[in-house]
Every structure is written in structure tokens, then in C-alpha cells.
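# Structural features, examined
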Amino acid sequence: MYKHKDFAHEVLKYAGEVGALAAGFYADMGCEIVAVVDPVASQIKAETFREFVKPNAQPAIKVINDRGLTSSFFICGDCTKVMEEVCKIGTHGFAIDEQLNMIFVRDLARKYNVGFGGNLKLTLALSLGLLSPREDAIVSLAAGGNIGFTFAPG
């Protein structure tokens, strides 16, 4: 992305076109909620997200929204530095991984009037049992609140 910026733009534009086709396939199969998933966008700066991720996610988001479906953006990892960009990407909502502070996420989602979901600690609570799933759920539910929040594994 830094050494060969033009090539990166080409590849990501193509990926965005493929994503739009995939979104159409999901819509044709009857899915009511379609998510654009970017597991590595948490590893980049907000400026890089705006330049590379946002424009290339738009074709899929447009297909989903134009079909009257619910669109979501899922991002893995600690995406604190790009979270505001995620809120502005154009989906109805987003889903986050377990590393984020749910109060921070809730406040940003409300600021941009988008739904949000996630945060039950999949690894520590559900897989490894290092945290109590019940206690983790109580914390996430309390922090997420009752407006626009979908409780789900991170």
C-alpha cells in the first residue's frame, strides 16, 4: 500500500467489485443482513482506511442498501484508531471484536446513529473459560445499553 500505491488501489478496486457481486449473491439467496468483513483494517491508520477501505467497500454497501437489506461492517482486533471511520462507512451498523471498550463504541455509534454489536469475549470467556461467560455478558450488556446494540460474540 505504501510502496506500490497504484497497484494496491487496482487490487482493492477489484476486490470491491467482487464484494459487490458477493453481496448480490447473498441478497439473491434471501439473506436479510449482509456484512462487509475486513479482518485487518484495525492494523492501519484512519487516513489509510479512508483512502483504501472506505471507497472499495462502497460497491458492496450500495448493493446491500439498494436491495433494502440491512448492511453491517465487521472489523477484527483493536480498531480504536479507525472506529470513527467505521461509523461513517455507510452501513446501518457495525460489529466489533472483543478488544474494544464497549462504552467508547456505544458512544461513537450513537454519535453517528448506527447500530453496533459484539464484544462478548469469544476467546477468553467462551473458548478458554478464563473469564466467566455470564459475568462477561453482564458487563457487555450493561455497557452496550438498549439503543442500537446487538449482543453477540466479539
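Structural notes, computed from the coordinates. Fair warning: this is a prediction, and the values are worked out from it, not measured in the lab. Each chain carries its own residue numbering, running from 1 in the written order of its sequence. Owing to the predicted nature of the model, reporting of local features is limited to residues with pLDDT of at least 70; listing and counting of side-chain atom pairs is limited to 80 or more, with chain, interface and lining totals taken over all residues. Each side-chain value is derived from all of the structure's non-hydrogen atoms; neither hydrogens nor water enter the calculation.

Here we take up unusual backbone geometry. Not every positive phi belongs to a glycine, and Asn113 is a case in point at roughly 55°. Residue placement: Asn113 occurs in the loop between helix H4 (102–112) and strand E4 (115–120). Backbone geometry at Asn119 places phi at a positive 90°, although glycine is not the residue there. Counting from the N terminus, the helices are DSSP H or I runs at least four residues long and the strands are E runs at least two residues long. Relative to the helices and strands, Asn119 resides in strand E4. Residue classification places Asn119 among the buried residues on the basis of a relative accessible area of 3%. Exposed residues in this analysis have more than 50% of their type's maximum accessible area, buried residues have under 20%, and partly exposed residues fall in between, with area computed by a 1.4 Å probe over protein chains only.

What follows covers the pattern of salt bridges. The term salt bridge refers to a pairing of a side-chain nitrogen on Lys or Arg with a carboxyl oxygen on Asp or Glu at a separation within 4 Å. Enumeration according to the criterion identifies 10 salt bridges in this entry. Its salt-bridge partner being Lys5, residue Glu51 comes within 3.4 Å of it at the nearest N-O pair. Remark: Lys5 occurs in helix H1 (residues 5–28) and Glu51 occurs in helix H2 (residues 46–66); sequence separation between them is 46 residues. Given a relative accessible area of 30%, Glu51 falls into the partly exposed group. The residue Glu85 makes a salt bridge to Lys88 at a minimum N-O spacing of 3.7 Å.

Bringing the packing of H4 against helix H6 (residues 133–144) into the picture now. At a closest axis distance of 8 Å, the pairing of H4 and H6 adopts a crossing angle of 30°. For the element pair H4 / H6, the angle class is roughly parallel. Considering the relative orientation of H4 and H6, their crossing is right-handed. Residues Met102, Ile103, Arg106 and Arg110 of H4 lie in contact with H6, whose contacting residues are Ser140, Ala143 and Gly144. Each residue gets one label: Ala, Val, Leu, Ile, Met, Phe, Trp, Tyr, Cys and Pro are nonpolar, Asp, Glu, Lys and Arg are charged, and the others, such as Gly, are polar. Per-class residue counts for the contact of H4 with H6 are three nonpolar, two polar and two charged. Axis angles are defined between N-to-C directions and span 0 to 180 degrees, where every axis is a line fitted to C-alpha atoms and, for a helix, only to the segment in contact. An angle below 35 degrees is read as roughly parallel, one above 145 as roughly antiparallel, one from 65 to 115 as roughly perpendicular, and any other as oblique. A clockwise turn of the near helix away from the far one marks a right-handed crossing, whereas an anticlockwise turn of less than a right angle marks a left-handed crossing. Note on contacts: a residue pair is in contact if any heavy atoms of the two residues lie within 4.5 Å.

To form a nonpolar core, buried Ala, Val, Leu, Ile, Met, Phe, Trp, Tyr and Cys residues must be joined to one another through side-chain atoms within 4.5 Å. Counting residues in each nonpolar core, the largest one holds 32 residues, and the members touching the most others are Phe49, Phe73, Met83, Val86 and Phe94. If one sorts the elements of this core by residue count, H2 sits on top with six residues. Beyond its immediate stretch of four places on either side in the chain, Val86 contacts Phe49, Phe73, Ile75 and Phe94.

This paragraph deals with the packing of H1 against H2. In a pair of packed helices, the angle between the axes and the distance between the axes together describe the arrangement. Where H1 contacts H2, the two axes come as close as 8 Å, and the packing angle between them is 20°. When the axis of H1 is compared with that of H2, the two are roughly parallel. Considering how the two elements wind past one another, H1 and H2 form a crossing that is right-handed. Facing H1, whose interface residues are Lys5, Ala8, His9, Leu12, Lys13, Gly16, Gly19, Ala20, Ala23 and Gly24, H2 presents Glu51, Phe52, Asn56, Pro59, Ala60, Val63 and Ile64.

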